[in-house]
Amino acid sequence: MDRIRIVGGNELKGVIPISGAKNAALPLMIASLLTDDTLTLENVPHLADVEQLIRILGNHGVDYTVNGRRESQDTGYSRTIHFTARNIVDTTAPYELVSKMRASFWVIGPLLARMGEARVSLPGGCAIGTRPVDLFIDGLRALGADIDIDIGYVVAKAPKGLIGNRYVFPKVSVGATHVLMMAASLARGETVLENAAREPEIVNLADCLNAMGARITGAGTSTITIEGVTSLQGARHRIIPDRIETGTYAMAVAMTGGDVLLQGARSDLLQGALDIVGQSGATITQTNEGIRVARNGAGIAPVDVTTEPFPGFPTDLQAQFMGLMTMANGRSKITETIFENRFMHVQELARFGARISLSGQSAIVDGVAKLKGAPVMATDLRASVSLVIAALAAEGESTVNRVYHLDRGFERLEEKLSRCGATVERISG
Ligand code: UD1
């Protein structure tokens, strides 16, 4: 299993290109199941989760080609991929595939809407608490689907098609909003989704669906209205820059000090999180080329944060922010409200000498002047990158084990960091 070796203590200086957003790429790729035409997605990041979803979509009959060159020759960052679901050959998404990535469960929406049936294994993914699928089931039932659970599979049927309806999410869910928006696009009549997720990835998907001929308004607000159409066509669509990758590198710079341009990043996608990083002592400026993050000799100020659905502070940046706070001049409180059990990084950060105690949904972090390098173990995608950030600032050598988590969500992490002066290398095997 690959490891990453980091010798900490260097300031980060230079340019980090920001990749296409993983959490936008996945639902957009799944949207290709809604049409027999070609959906072309630009700015698709090279990530293990993307490759895994390509395999899952292939199982349903989706063909793909990477723009103009063989993949073996493709050395750049994010690329353009054409997805064509001419014929859906299988409406079952098996356990072996879905268990590796939770978002693959989302195929249930387009398969049901286009084919009138779907049999999808209950999902897997990061071990960050129980992640049920009740909202997907309730929502699809509201659109007229008949749904049973059969030995680990959700079996959904709507042989006469889905029917538009009003559905109020009892809890904000990004995935369930994506799925209901896709399903309702091909339902008969109007669907109104209330208390919908407002994440930028929802807006990115709605824009793509509209380019494919869907009639969706209100994406980005908590009420989304979808006027169903009988079929969708192909389109060409660009994936937004990854706001979680952006926030992660901003926090890395805030922690190590230095001055980095996050090329292609958009502050409007994560203003709330950037404000918090600013309060902790970094200077953040949006330029024509991206976001510039700098910190001079001044220390890191403690800031309390609570994770919330967009536009609040994202749960996907909680671990990284905790990494930053381990070296703050004082005490901070970090509260997680989206996922229970999303504090697995706490005991690993402690190996660097961080002082963190847990109290229910909150972590109390008492900043220390120095962290010391240590061998640590990554436990989930965002937790593992928080360990990388801490290792960059720690004195001496660290190894971050089980980096396959990082490969799921961070494109060429070690290359991006080492170009900015970090001592970081991957050790294979
Ligand atoms: C997406 C993101 C993930 C991010 C999360 C929250 C992708 C690929 N993943 O995950 O990176 O951390 O949003 O911003 O975009 N819930 C239920 N029942 C359901 C569905 C969800 O109770 O049927 C709960 C979850 O357990 C969680 C909360 O709702 O407590 C929010 O989850 P959700 O927004 O659905 O997360 P994902 O879409 O899985």
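Residues numbered from 1 in each chain as written. Predicted model: local features only at pLDDT ≥ 70, side-chain atom pairs only at ≥ 80, totals over all residues. Heavy atoms only, no water.

- The protein chain is annotated in an unreviewed UniProt entry as UDP-N-acetylglucosamine 1-carboxyvinyltransferase from Aquibium carbonis.

Describing the domain arrangement of the protein chain
- Domains assigned within the protein chain are domain 1 (3–19 + 241–427) and domain 2 (22–238).
- Between the C-alpha centres of domain 1 and domain 2 there is a distance of 30 Å.
- Every contact between the two is made by 26 residues of domain 1 and, on the other side, 23 residues of domain 2.
- The three residues of domain 1 that bury the most area against domain 2 are Phe 310, Arg 408 and Glu 411, which together make up 30% of that side's buried surface.
- Joining domain 1 to domain 2, the criterion identifies two salt bridges.
- Residue Arg 408 pairs with Asp 49 through a salt bridge whose shortest N-O separation is 2.8 Å.
- By residue number, the principal contributor to the side of domain 1 that touches domain 2 is helix α13 (residues 404–409), which donates three residues.
- Here the side of domain 1 that touches domain 2 is built from residues that sort into nine nonpolar, three polar and 14 charged. (Domains from an automatic or database assignment. Contact = heavy atoms within 4.5 Å. Buried area = accessible area lost by both parts, 1.4 Å probe. Salt bridge = Lys/Arg side-chain N within 4 Å of Asp/Glu carboxyl O. Helix = DSSP H or I, 4+ residues; strand = E, 2+ residues; numbered from the N terminus. Nonpolar A, V, L, I, M, F, W, Y, C, P; charged D, E, K, R; others polar.)

What about the site of the ligand?
- Around the ligand, the structure places 20 residues, and the nearest of them are Asp 134, Ser 173, Val 174, Asp 316 and Ile 338.
- Here an oxygen atom of the ligand sits 2.5 Å away from a polar atom, N or O, in the main chain of Ile 338.
- For the ligand, whose unbound accessible area comes to 740 Å², protein coverage reaches 91%.
- Among the elements of the structure, α5 (134–142) and α6 (174–185) are those that each provide at least two residues to the shell around the ligand.
- For the shell around the ligand, the element with the most residues is α5, which contributes three residues. (Near = heavy atom within 4 Å. Polar contact = N/O pair within 3.5 Å; in protein donor to acceptor, adjacent residues only side chain to side chain. Areas by Shrake-Rupley, 256 points an atom, 1.4 Å probe, with all protein chains shown as cover.)

Notes on the pairing of strand β16 (residues 283–286)
- Where β16 and strand β17 (residues 290–295) come together, four bridges link them in antiparallel fashion. By the bridge assignment for β17, Thr 285 is matched with Arg 292.
- The antiparallel pairing of β16 with β17 creates a hairpin that spans three residues between the two strands. (Pairing = 2+ DSSP bridges.)

Topic: the nonpolar core
- With 81 residues, the main nonpolar core has Leu 34, Phe 105, Ile 108, Leu 140, Leu 162, Met 181 and Leu 209 as its most contacted residues.
- When near neighbours in sequence (up to four residues on either side) are disregarded, Leu 34 contacts Pro 110, Ala 113, Arg 114, Met 182, Leu 186, Leu 209, Met 212 and Leu 232.
- Ala 282, Phe 313, Val 385 and Leu 413 belong to the second largest nonpolar core, which has 68 residues in total. (Core = buried A, V, L, I, M, F, W, Y, C linked by side-chain atoms within 4.5 Å. Buried < 20%, exposed > 50% of the residue type's maximum accessible area, 1.4 Å probe, protein only.)

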